[in-house]
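Tertiary structure, described
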Amino acid sequence: MSLHPLFTLGARLQLCASMVRPKANLADIGTDHAYLPIWLAKQDLIARAIAADINLGPMQKAQHNINRYRVQNIVSARLSDGLNAIFPFEADDIVIAGMGGEMISQIITAAPWLKDPQKRLILQPMTSVQSLREFLAVQCFAIRDEQAVFEDGRVYTAILAQYDSAGISTGELYPYIGNLNNQTEANREYMRLRVINLEKKARGLSLSGKEGEAAELGGIIKKISEIIEMGRSNELNR
């Protein structure tokens, strides 16, 4: 049987892959087709990986692809509800991608062993990003890096987080833009979309007579807009 040519990861998963430490033991939660761990294994970037999913169908697809690309010595498929079937010693870097922020928070809560500075979380929420950032701060997970990326006309963000027992210090912009900088077009577009969303919310508050809350949001909108413009100006001056 000839080996199938290696596929290319989409921009969203490629961003997650870039945050995995070299030669890490990886757990990919909600793996679906196991594309991320297979790609990392074929690139010789990880030591071992568990491709985990709660549903049997995706697990069968994952196992098929693991066999197809002949990475059985590195990647194994496992039926698991979140991290419930993963032992702490099996994973250094944990990817939880392609699901809602609230579900990601629930998975982290159910695995207290993640509160270990040696573990790293690579999170790619599809929804409820603000609530996920707030959850991470409350649970003392520091965002070490956050980047946005374009894929299929949408903007996604990926978060690299790590437990810090000293506690997390956040500012008023943290729930909305996390640890994003203004150095890339994707990051600025993510911020611009947040501004649009916050402007709608501020208008709703104002119409409801909550002028104080609307004004507070207005201040946040102004600060994020200034960060966006500063990034654009810096890029034009390069």
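The text that follows walks through the structure, step by step, so that each part is easy to find. All residue numbers refer to positions counted from 1 along the written sequence of the respective chain. Only residues with pLDDT of at least 70 are given local features in this predicted model, and only at 80 or more are side-chain atom pairs given and counted; all residues enter the totals for whole chains, interfaces and linings. Hydrogens and water molecules were not included; the side-chain quantities draw on all heavy atoms of the structure.

In this description, a line fitted to the C-alpha atoms serves as the axis of each element, helices being fitted only across the stretch in contact, and the angle between N-to-C directions of two axes falls anywhere from 0 to 180 degrees. Runs of H or I in DSSP of at least four residues are treated as helices and runs of E of at least two as strands, each being numbered from the N terminus. The interhelical angle for the contact between helix H1 (residues 11-18) and helix H2 (residues 35-42), taken along N-to-C directions, is 55 degrees, at an axis separation of 10 Å. Looking at the two axes, H1 sits oblique to H2. In this structure, H1 meets H2 at a crossing whose hand is right-handed. Where H1 approaches H2, its residues Leu13, Gln14, Cys16 and Ala17 are matched on the opposing element by Leu36, Trp39 and Leu40. Roughly parallel covers angles under 35 degrees, roughly antiparallel covers those over 145, roughly perpendicular covers 65 to 115, and oblique covers all other angles. A crossing counts as left-handed when the near helix is turned anticlockwise from the far one by less than a right angle, and as right-handed when that turn is clockwise. Residue contacts follow a heavy-atom distance rule, with two residues in contact if any of their heavy atoms lie within 4.5 Å.

So, on to the sheet that holds strand E5 (residues 120-125). When DSSP finds at least two bridges between two strands, those strands are taken to pair. Ordered in space as E3-E2-E1-E4-E5-E7-E6, the seven strands form an open sheet in which the pairing is mixed. Each edge of the sheet is formed by a strand with only one pairing partner; in this case those strands are strand E3 (75-79) and strand E6 (141-151). For this sheet, the mean inter-axis angle between neighbouring strands, taken without regard to orientation, is 20 degrees. In the sheet, strand E4 (residues 93-99) pairs with E5 via six bridges, with the strands oriented parallel. Its bridge partner lying in E5, aspartate 93 is registered against arginine 120. Running at roughly 150 degrees to E4, helix H4 (residues 101-109) makes contact with strand E1 (24-29), E4, E5 and E6 of the sheet.

Tracing the chain through its elements places leucine 36 in helix H2. The spatial distance from the C-alpha of leucine 36 to the C-alpha of arginine 188 is 26 Å, given a sequence separation of 152 residues.

Within 6.5 Å between ring centres, the rings of Phe, Tyr and Trp (the latter by its six-membered ring) count as paired, and their orientation is classed by plane angle as stacked under 30 degrees, edge-to-face over 60, tilted in between. Under the defined criterion, the tally for this structure stands at four aromatic pairs. Taken together, the ring pairs connect Phe7, Tyr35 and Tyr69 into an aromatic cluster. To sit over a ring, a charge needs its Lys NZ or Arg CZ within 6 Å of the ring centre and within 35 degrees of the ring normal. Directly above the aromatic system of tyrosine 156 lies the positively charged group of arginine 12, at a separation of 5.7 Å from the ring centroid.

Turning next to helix H5 (residues 129-138). Among the residues of H5, Val129, Leu132, Arg133, Phe135, Leu136 and Ala137 are the ones counted as buried. Against H4, E5, E6, strand E7 (154-163), helix H6 (174-177) and helix H7 (185-207) lie the buried residues of H5. Just beyond H5, the residue with positive phi is cysteine 140, at close to 65 degrees. With a 1.4 Å probe rolled over the protein chains alone, any residue whose accessible area is under 20% of its type maximum counts as buried; one over 50% counts as exposed, and the rest are partly exposed.

Size it by volume and the largest pocket reaches roughly 360 Å³. Around the largest pocket sit 17 residues that line it, and Met126, Val129, Val155, Tyr190 and Arg194 are the ones nearest its centre. Of all the secondary structure elements, the ones that give two or more residues to the lining of the largest pocket are H5, E7 and H7. Note on residue classes: Ala, Val, Leu, Ile, Met, Phe, Trp, Tyr, Cys and Pro are nonpolar, Asp, Glu, Lys and Arg are charged, and everything else, Gly too, is polar. Classifying every residue of the lining of the largest pocket gives eight nonpolar, six polar and three charged. Detection works on a 1 Å grid of protein atoms alone, calling trapped sets that fit a 1.4 Å probe cavities and calling open sets with protein on both sides within 12 Å along at least five of seven lines pockets, with lining residues defined by an atom within 4 Å of a point. Grid points are joined across faces, edges and corners, and a volume is the space filled by probe spheres set on the points. Approximately 200 Å³ is the volume attributed to the second largest pocket. Lining the second largest pocket are 13 residues, and of these Arg12, Leu13, Gly30, Thr31 and Asp32 lie nearest its centre. Elements with a contribution of two residues or more to the lining of the second largest pocket: H1, H2 and E4. Ranked by residues supplied to the lining of the second largest pocket, first place goes to E4 with three residues. In terms of residue class, the lining of the second largest pocket is built from six nonpolar, four polar and three charged.

Let us look at the nonpolar core. Grouped together as the largest cluster of nonpolar side chains are 33 residues, with contacts concentrated most on Val20, Leu40, Ile46 and Val75. Residue assignment for this core shows that the elements contributing at least two residues are H1, E1, H2, strand E2 (46-53), helix H3 (56-68), E4 and E7. Per element, the largest residue contribution to this core is five residues, and it comes from H2. Setting aside its immediate chain neighbours within four residues, leucine 40 contacts Ala17, Val20, Leu26, Leu45 and Ile46. Nonpolar cores are built from buried Ala, Val, Leu, Ile, Met, Phe, Trp, Tyr and Cys residues. Side-chain atoms within 4.5 Å join them into one set. Ile50, Leu123, Phe141 and Ile143 belong to the second-largest nonpolar core, a separate cluster that totals 29 residues.

Within the element layout of this structure, asparagine 65 appears in helix H3. Classification of asparagine 65 by relative accessible area gives buried; the value is 4%. Residue contacts for asparagine 65: discarding those within four places in its chain leaves His33, Tyr35 and Ile38.

What follows concerns the environment of phenylalanine 7. With respect to the helices and strands, the residue phenylalanine 7 is situated in the segment before H1. For phenylalanine 7, a relative accessible area of 18% corresponds to the buried category. As a C-alpha pair, phenylalanine 7 and isoleucine 38 span 31 residues in sequence and 9.6 Å in three-dimensional space.

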